[in-house]
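Topology and contacts: notes
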Amino acid sequence: MKCIKIIFGIIIASFLTACSNQKDSFVSRRYHNLAAHYNGYFNAKLKVAEGVAKLAEQHEDKYDRILKIFPYSTATKAKSVGPMMDEAIKKTSTVISRHTIIDKSGNEKPESEKWIDDNWLVYGQAQFFKHEYFAAIEAFEYIERAYKKEDTRFAASLWLAKCYIELTQYSEAEVKLDYLRNQRDLPKNLKPELAAVLADYHLQLRNYDATMPELEKAAKLATDRNTEIRYYFILAQLYQKKGVNHKAFEAYSKVIKMNPKYEMAFNAKINRARCFNVEGKNGEEIRQALLKMEKDPKNKDYLDQIYFALADLSLKEQKEEEGITWLQQSVSASMGNNNQKALSYLELGKIYYKQPNYKFAQAYYDSTMGVLADDHPDYSDILNRRNSLTKLIKNLNTITKEDSLQRLSAMSAGDQLITIDKIIADEMKQRAEKKKKEEQQQVNQIFNENPRPGLMPGNNPMMNMPGGNGFYFYNPSAVSLGANDFLRRWGNRKLEDNWRRSNKEITMTNPGEGDTEAKTEKPGEEDNDSLLIASRRKELIEAIPTGDEALKKSTNKMVEAYYNASMIYREQLDNLTASIALFEEMLRRYPDNKYKLPVYYHLYKSHGLQQNITRSDYYKNILLTQYPESEYAMIIKNPNYGLEKLNQKSQLELFYEETYLRFLNGDYSAVIERRNQAINQFPQNVYMPKFDYLKALSIGKLQGKNNFIASLNDVIRSYPDDSIVYDAQEILDLLNDNATLTMATVTTDTTQKLFKYNSDEVHYNMVIIKNNTGLDPEVYKLRFSNYNLTQHQLDNLVASILPIDHLTKAILIKSFENKNKAMAYYQATYNSDVVYGNTNPNLYEQVVISATNYAALLRSKELNKYLDFYLSFYK
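Computed from a prediction, not measured in an experiment: that's the story for all the values here.

Definitions and limits used
- Residues numbered from 1 in each chain as written.
- Predicted model: local features only at pLDDT ≥ 70, side-chain atom pairs only at ≥ 80, totals over all residues.
- Heavy atoms only, no water.
- Pairing = 2+ DSSP bridges.
- Helix = DSSP H or I, 4+ residues; strand = E, 2+ residues; numbered from the N terminus.
- Axes fitted to C-alpha atoms, helices over the stretch in contact; angles between N-to-C directions.
- pLDDT = per-residue confidence, 0-100.
- Contact = heavy atoms within 4.5 Å.
- Buried < 20%, exposed > 50% of the residue type's maximum accessible area, 1.4 Å probe, protein only.
- Core = buried A, V, L, I, M, F, W, Y, C linked by side-chain atoms within 4.5 Å.
- Parallel < 35°, antiparallel > 145°, perpendicular 65-115°, else oblique.
- Left-handed = near helix turned anticlockwise from the far one by under 90°.
- Nonpolar A, V, L, I, M, F, W, Y, C, P; charged D, E, K, R; others polar.
- Expected span 1.5 Å × (residues − 1).
- Salt bridge = Lys/Arg side-chain N within 4 Å of Asp/Glu carboxyl O.
- Phe/Tyr/Trp six-rings, centres within 6.5 Å; stacked < 30°, edge-to-face > 60°.

Quick word on the sheet that holds strand 3 (residues 763-770)
Taken in spatial order, the four strands of this open sheet run 4-5-3-6, and their pairing is antiparallel. Edge positions in the sheet fall to strand 4 (798-805) and strand 6 (844-850), since each has one partner strand and no second. Taking the axes of each pair of neighbouring strands and ignoring which way they run, one obtains an average angle of 30° across the sheet. One ladder, built from seven bridges, connects strand 4 with strand 5 (residues 808-816); its direction is antiparallel. Bridge pairing in strand 5 places Leu802 opposite Ala810.

Notes on the confidence of the model for the protein chain
Predicted confidence across the protein chain gives a mean pLDDT of 79, with 79% of residues reaching 70 or more. Here residues 7-17 is a poorly scored stretch, pLDDT under 50, and it has two contacts once near neighbours within four places are set aside; other chains count. Note on residues 493-525: pLDDT under 50 across the span, and 67 contacts to partners over four residues away in sequence or across chains.

Regarding the pairing of strand 6
The two faces of the sheet receive side chains in turn, since in a regular strand these alternate between them. Counting buried residues along strand 6, six of its seven residues qualify, which places the element largely inside the surrounding structure. Strand direction decides the pairing type here: strand 3 and strand 6, joined by seven bridges, are antiparallel. By the bridge assignment for strand 6, Ile769 is matched with Tyr844.

Observations regarding the nonpolar core
Here is a general trend for soluble globular proteins: nonpolar side chains tend to be buried in one another's company. In this structure, Leu290, Leu712, Met766, Phe784, Ile813 and Tyr866 are the most contacted members of the largest nonpolar core, which totals 140 residues. Broken down by element, the residue count for this core peaks at nine residues, all from helix 24 (residues 548-572). Beyond its immediate sequence surroundings of up to four residues, Ile813 is in contact with Tyr764, Asn765, Val767, Phe784, Asn788, Leu797, Val798, Ala799 and Tyr825. Among the nonpolar cores identified, the runner-up in size contains 76 residues, and Phe70, Tyr147, Cys163 and Leu190 belong to it.

Looking at the packing of helix 5 (residues 116-129) against helix 6 (residues 133-146)
For the pair helix 5 and helix 6, the least separation of the axes is 8 Å and the interaxial angle reads 160°. Taken as axis vectors, helix 5 and helix 6 run roughly antiparallel relative to one another. In terms of crossing hand, the pair formed by helix 5 and helix 6 is left-handed. Touching Asp117, Trp120, Leu121, Tyr123, Gly124, Gln125, Gln127 and Phe128 of helix 5 are Tyr133, Ala135, Ala136, Ala139, Phe140, Tyr142 and Ile143, all from helix 6. Grouping the constituent residues of the contact of helix 5 with helix 6 by class yields 11 nonpolar, three polar and one charged.

Notes on helix 30 (residues 668-681)
The terminal C-alpha atoms of helix 30 lie 20 Å apart, and with 14 residues this matches the ideal 20 Å at 1.5 Å per residue to within 8%. Tyr668, Ala670, Val671, Ile672, Arg674, Arg675 and Ala678 are the residues of helix 30 that are buried.

Remarks on the pattern of salt bridges
Close approach of charged atoms lets side chains of opposite charge pair. If you walk through the whole model with that rule in mind, you get 31 salt bridges. We note a salt bridge from Glu193 to Lys162, for which the minimum N-O separation is 2.4 Å. Here Glu193, found in helix 9 (residues 191-204), pairs with Lys162, found in helix 7 (residues 152-166); they are 31 residues apart in sequence, far enough to count as distant. The partner of Glu284 in a salt bridge is Arg287, and the shortest N-O contact between them spans 3.0 Å. One end of the pair is Glu284 and the other is Arg287, both in helix 14 (residues 283-295) and three residues apart, which spans about a single turn.

Some details on the packing of aromatic side chains
Applying the stated criterion across every chain yields a total of 45 aromatic pairs. Taking the centre distance of 5.6 Å and the plane angle of 65° together, the rings of Phe663 and Tyr668 count as edge-to-face. Just as Phe663 is buried, Tyr668 falls in that class too. A ring pair is formed by Tyr866 and Tyr870, whose centres lie 6.2 Å apart and whose planes are at 35°; its orientation type is tilted. Here Tyr870 and Tyr866 lie together in helix 39 (residues 863-873), a separation of four residues that amounts to about one turn. Of the two residues, Tyr866 and Tyr870, neither departs from the other in class, the shared state being buried.

Focus on unusual backbone geometry
With an omega of -5°, the peptide bond running from Gln355 to Pro356 counts as cis. By the secondary structure assignment, Pro356 is in the loop between helix 17 (338-354) and helix 18 (358-371). A cis geometry characterises the amide bond from Lys814 onward to Ser815, with omega recorded as 5°. Of note, His131 is a non-glycine position whose phi angle comes to about 70°, a positive value. Here His131 lies in the loop between helix 5 and helix 6. Not every positive phi belongs to a glycine, and Thr168 is a case in point at roughly 55°. Along the polypeptide, Thr168 turns up in the loop between helix 7 and helix 8 (170-181).

Here you go:
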């Protein structure tokens, strides 16, 4: 018995010795490879596959745009599979640490292993699907270095390319893909994936010509039927986008024959119908096919898309009114498909924009933005156009309204009352029509009748006139604004005859008929009508400008609106004809307005662009002969004048920033010296209030309290209209309230009132990146610069990198005229794929900040306090 125990003990000891990962024997290798295969790789791979399947279920394709080749999840949805991926990471990490065979020096012996490299691969894939791209990159790069003889090195290179694409580091991805493309011993099972990744790479760069052959190759090599269908559908979309309609038709037909899921099959049929060639003769056949689809009960939830396709068919056949009708029906039929509703609104907006009918275009672009997903590839372009149209219509309405009010001011009191009563009646008529339409739409939805709506009135000539010449209160779009105000004040009035009657017996004039009739109203629920009517009358009467001062104020509003609308036509809507017409109307009505010099210059440039040399020379000669010393005359004489001024401004900004950095570093004597240098080097520059304020603060540090107070008072006296006065006065108040305060104490106390809200001040966009996030600010600075070049060519936006403190850097995009313009840019770029790609939004913070508050932030380093301030005043 004792002998048996000894033998058994020897066997156990031998086994334990074999289990050591420092022993490279046959038994040891068999044991470690077995454990690495089943304990780690096999089970971890199942977990990753389970997570990927769950992500695929959660993914929602948006057929209003080109589908993604790889339906990866967003960072938010990736959290749902975090536990699965974490389990895979734990299993592979444990196996790697326990079963990697090493020599006596601790170096790995890849030739003795069989499954450790596979564990590393699964580990990297799990990190990838968690959106932990940098951890995944480390794993894949290790495989490339350590397993140079294993096929996994090719898979690792391919996954590295995927990581770089997700990080939008396209140059790095290109290097990996070029390497793989040139490998003759590339495993056969990786070729379909390589073709797909190459297609994805080109698609991300919008290089559709390069995408299509790779995608076609990937579809032919695909081993999974659903993947093959997806690739052919995307291929068809690309052909359609490129205008190769016959190939798109064939690809969509192939998708339909492969019997895909119903939604994809439906969209393939719709898109195939939209590939109709206007030069062919099969338009009526396609129309009948679409109408047949409309009658199919299975397509009840897709009627909006069917109507959109019918609209597309009509528009291609140059039947614009019919196309508008179908688009309106598409909007009416959209119940839960905001993507399609946005597309229909957008197409209507484009039609009216092209006419041009900017009032209707603005309304439809505004409706588009109400339902458009912020990940739409053209989101920023659509937003910019909506904003431009909104500003245009606001200014045109101001012109028409103020002009109408001035016309009212010239009427007799009696005529004013008649006109005002007509306004109130028009408001009620507008509201009644709107309510009737809404009720009809509700009936249509309930009974699923979806009658095709009539056309919107698009032939009102006043709508198309640049100056908006017409009586404001007879303009349906303008009056609707009054109707909304009427609803706010009067409530939801019952629609019936004699709606204005109260319970008293009153006599009123019907301005539409010009006669007077007495009617007795019985007591009822409308007993406050007469008071409300009187209140509304009073409001409109008070809006009429009376007296020279009020008329001057009204005229100034019109001048501002004329100039703003003309510039929007010129710079944002690229409509030189409308801009010229409005500028020249402005000069006819107000020849000595404050904008006459820039107006002359813009007319000189605009007529020149339209090759109307006679008119261009006319305005040029006015500037050169009547205003030869003006900046505009200088620009005409010297084409480089503007660039020279810009360079001078840049030198001033750099000089100030350097002075400010000296202050932050405590070099107060240099600050005082540089302030004096600024007077000589940049006389009468706009930064002098800031230079003097820095000088005062430096004196406070060097020369004591009395000199500090005197310097602050000098700043206040010298620059009473500059915002820097508030900072100086705030410190003075603290110093005067407490005789024991020092400069250091003042700095501490004023952080509680560090940031000030002023929406009209110059603003910046600021992207905050912590040093420990692994993000490279240079990458994002370059992307913002590229974005600005394509989307904001005329705004002269500049992106730069500046340190906030030793832990944080900021990308600063400047400058914006006010808060609203900065916020519009913020909305267009925040979390935008164009700028950020798939970067984890938790790794950066984008905010809007005023120039004054940015300076305060650099002084105080109180980033968290600014973020609290930002949430209160901007978010």
